Amino acid sequence: MKNSHHDPFQERKLEKLQQITRLIPVVGWIPALWTVYYHQGSRQVVSISRFSLRLTVIWAIAYSLLWLSSLQTSETLTLRLLYLNGLLTSGYILVCLGLMFRVWQRKN
(Lines give C-alpha, C1' and ligand atoms only; values in the text may rest on other atoms or scores of the structure.)
Protein backbone atom coordinates (compact mmCIF):
# COMPACT_ATOMS: atom_id res chain seq x y z
CA MET A 1 0.00 0.00 0.00
CA LYS A 2 1.26 3.45 -0.95
CA ASN A 3 2.11 5.94 1.75
CA SER A 4 -0.33 8.82 1.41
CA HIS A 5 1.57 11.01 3.88
CA HIS A 6 2.34 14.41 2.36
CA ASP A 7 5.88 15.67 2.94
CA PRO A 8 5.74 19.46 3.42
CA PHE A 9 9.48 19.73 2.78
CA GLN A 10 9.26 18.01 -0.63
CA GLU A 11 8.32 21.30 -2.32
CA ARG A 12 11.34 23.01 -0.76
CA LYS A 13 13.60 20.22 -2.02
CA LEU A 14 12.16 20.63 -5.51
CA GLU A 15 12.65 24.40 -5.37
CA LYS A 16 16.26 23.94 -4.23
CA LEU A 17 16.84 21.54 -7.14
CA GLN A 18 15.29 24.07 -9.55
CA GLN A 19 17.59 26.80 -8.23
CA ILE A 20 20.67 24.61 -8.55
CA THR A 21 19.86 23.58 -12.14
CA ARG A 22 19.58 27.24 -13.16
CA LEU A 23 23.11 27.87 -11.85
CA ILE A 24 24.83 25.08 -13.80
CA PRO A 25 27.67 26.73 -15.77
CA VAL A 26 27.18 27.12 -19.54
CA VAL A 27 23.89 25.16 -19.80
CA GLY A 28 21.92 26.50 -16.82
CA TRP A 29 20.73 29.44 -18.90
CA ILE A 30 18.33 27.16 -20.81
CA PRO A 31 16.04 26.30 -17.86
CA ALA A 32 16.63 29.82 -16.51
CA LEU A 33 15.37 31.38 -19.73
CA TRP A 34 12.36 29.06 -19.71
CA THR A 35 11.58 30.07 -16.11
CA VAL A 36 11.84 33.79 -16.80
CA TYR A 37 9.98 33.68 -20.12
CA TYR A 38 7.04 31.64 -18.83
CA HIS A 39 7.10 33.08 -15.27
CA GLN A 40 7.19 29.58 -13.79
CA GLY A 41 8.44 28.87 -10.29
CA SER A 42 8.62 30.75 -7.03
CA ARG A 43 9.88 34.30 -6.74
CA GLN A 44 13.25 32.98 -5.57
CA VAL A 45 13.62 30.60 -8.55
CA VAL A 46 12.76 33.42 -10.97
CA SER A 47 15.26 35.72 -9.23
CA ILE A 48 18.05 33.14 -9.45
CA SER A 49 17.12 32.50 -13.08
CA ARG A 50 17.47 36.20 -13.94
CA PHE A 51 20.82 36.35 -12.15
CA SER A 52 22.01 33.22 -13.98
CA LEU A 53 20.99 34.70 -17.33
CA ARG A 54 22.82 37.97 -16.62
CA LEU A 55 25.95 36.16 -15.46
CA THR A 56 25.98 33.86 -18.49
CA VAL A 57 25.39 36.70 -20.98
CA ILE A 58 28.21 38.77 -19.44
CA TRP A 59 30.55 35.75 -19.55
CA ALA A 60 29.58 34.89 -23.15
CA ILE A 61 30.13 38.46 -24.38
CA ALA A 62 33.48 38.80 -22.61
CA TYR A 63 34.56 35.34 -23.81
CA SER A 64 33.60 36.15 -27.40
CA LEU A 65 35.34 39.53 -27.38
CA LEU A 66 38.55 38.09 -25.96
CA TRP A 67 38.52 35.17 -28.38
CA LEU A 68 37.81 37.38 -31.42
CA SER A 69 40.50 39.84 -30.29
CA SER A 70 43.01 37.02 -30.03
CA LEU A 71 42.48 36.21 -33.72
CA GLN A 72 43.46 39.72 -34.78
CA THR A 73 46.72 40.20 -32.84
CA SER A 74 50.32 39.05 -32.63
CA GLU A 75 51.30 35.67 -31.20
CA THR A 76 52.39 37.10 -27.84
CA LEU A 77 49.20 39.08 -27.35
CA THR A 78 47.11 36.15 -28.60
CA LEU A 79 48.55 33.91 -25.88
CA ARG A 80 47.84 36.55 -23.21
CA LEU A 81 44.26 37.07 -24.39
CA LEU A 82 43.56 33.35 -24.49
CA TYR A 83 45.08 32.99 -21.00
CA LEU A 84 42.85 35.81 -19.76
CA ASN A 85 39.92 34.07 -21.44
CA GLY A 86 40.75 30.89 -19.53
CA LEU A 87 40.88 32.82 -16.25
CA LEU A 88 37.55 34.46 -17.03
CA THR A 89 35.92 31.10 -17.80
CA SER A 90 37.40 29.50 -14.68
CA GLY A 91 36.10 32.40 -12.60
CA TYR A 92 32.64 32.07 -14.12
CA ILE A 93 32.53 28.34 -13.39
CA LEU A 94 33.81 28.83 -9.81
CA VAL A 95 31.18 31.52 -9.13
CA CYS A 96 28.44 29.21 -10.45
CA LEU A 97 29.69 26.26 -8.39
CA GLY A 98 29.99 28.46 -5.29
CA LEU A 99 26.42 29.68 -5.70
CA MET A 100 25.19 26.11 -6.28
CA PHE A 101 26.93 25.03 -3.07
CA ARG A 102 25.36 27.90 -1.11
CA VAL A 103 21.88 26.99 -2.37
CA TRP A 104 22.49 23.32 -1.57
CA GLN A 105 23.72 24.16 1.96
CA ARG A 106 20.76 26.34 2.83
CA LYS A 107 18.47 24.79 5.43
CA ASN A 108 14.74 24.24 4.74
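Our subject is the structure that appears above.
This text gives an overview of the structure that appears in the document. Quantities reported herein were computed from a predicted structural model and do not represent experimental measurements.

Section: unusual backbone geometry
So, point 1. With a phi close to 70 degrees, Val26 is a non-glycine residue in the positive phi region.
So, point 2. Position of Val26 relative to the elements: it lies in the loop between α1 (10–22) and α2 (29–38).
So, point 3. Within the chain, His39 stands out as a residue other than glycine whose phi angle is a positive 50 degrees.
So, point 4. Summarising the element assignment, His39 is placed in the loop between α2 and α3 (43–71).
So, point 5. With relative accessibility at 59%, the residue His39 sits in the exposed group.

Digging into the packing of aromatic side chains
Geometrically, a pair of aromatic rings is defined through the distance of the ring centres and the angle of the planes.
So, point 1. Counted under the stated rule, the structure contains five aromatic pairs.
So, point 2. A centroid spacing of 4.6 Å and a plane angle of 50 degrees characterise the contact between Trp34 and Tyr38, whose relative ring orientation is tilted. On the criterion of helical spacing, the pair formed by Trp34 and Tyr38 is a turn pair, its members being four residues apart in helix α2.
So, point 3. With a relative accessible area of 49%, Trp34 lands in the partly exposed category.
So, point 4. The class of Tyr38 is partly exposed, set by a relative accessible area of 43%.
So, point 5. Relative to Tyr38, the ring of Tyr37 lies with its centre 4.8 Å away and its plane at 90 degrees, an arrangement referred to as edge-to-face.
So, point 6. Grouping aromatic residues by their ring pairs yields a cluster made of Trp34, Tyr37 and Tyr38.

Notes on the nonpolar core
General note: in soluble globular proteins, nonpolar side chains tend to be found buried as a group.
So, point 1. In this structure, Ile20, Leu23, Ile48, Met100 and Val103 together form the largest nonpolar core, which totals five residues.
So, point 2. Discounting chain neighbours no more than four positions away, the residues touching Leu23 are Ile48, Ser52, Cys96, Leu99, Met100 and Val103.

Rules used in this analysis
- Residues numbered from 1 in each chain as written.
- Predicted model: local features only at pLDDT ≥ 70, side-chain atom pairs only at ≥ 80, totals over all residues.
- Heavy atoms only, no water.
- Helix = DSSP H or I, 4+ residues; strand = E, 2+ residues; numbered from the N terminus.
- Buried < 20%, exposed > 50% of the residue type's maximum accessible area, 1.4 Å probe, protein only.
- Phe/Tyr/Trp six-rings, centres within 6.5 Å; stacked < 30°, edge-to-face > 60°.
- Core = buried A, V, L, I, M, F, W, Y, C linked by side-chain atoms within 4.5 Å.
- Contact = heavy atoms within 4.5 Å.

Spatial relationships are all this shows, so hold off on functional conclusions.
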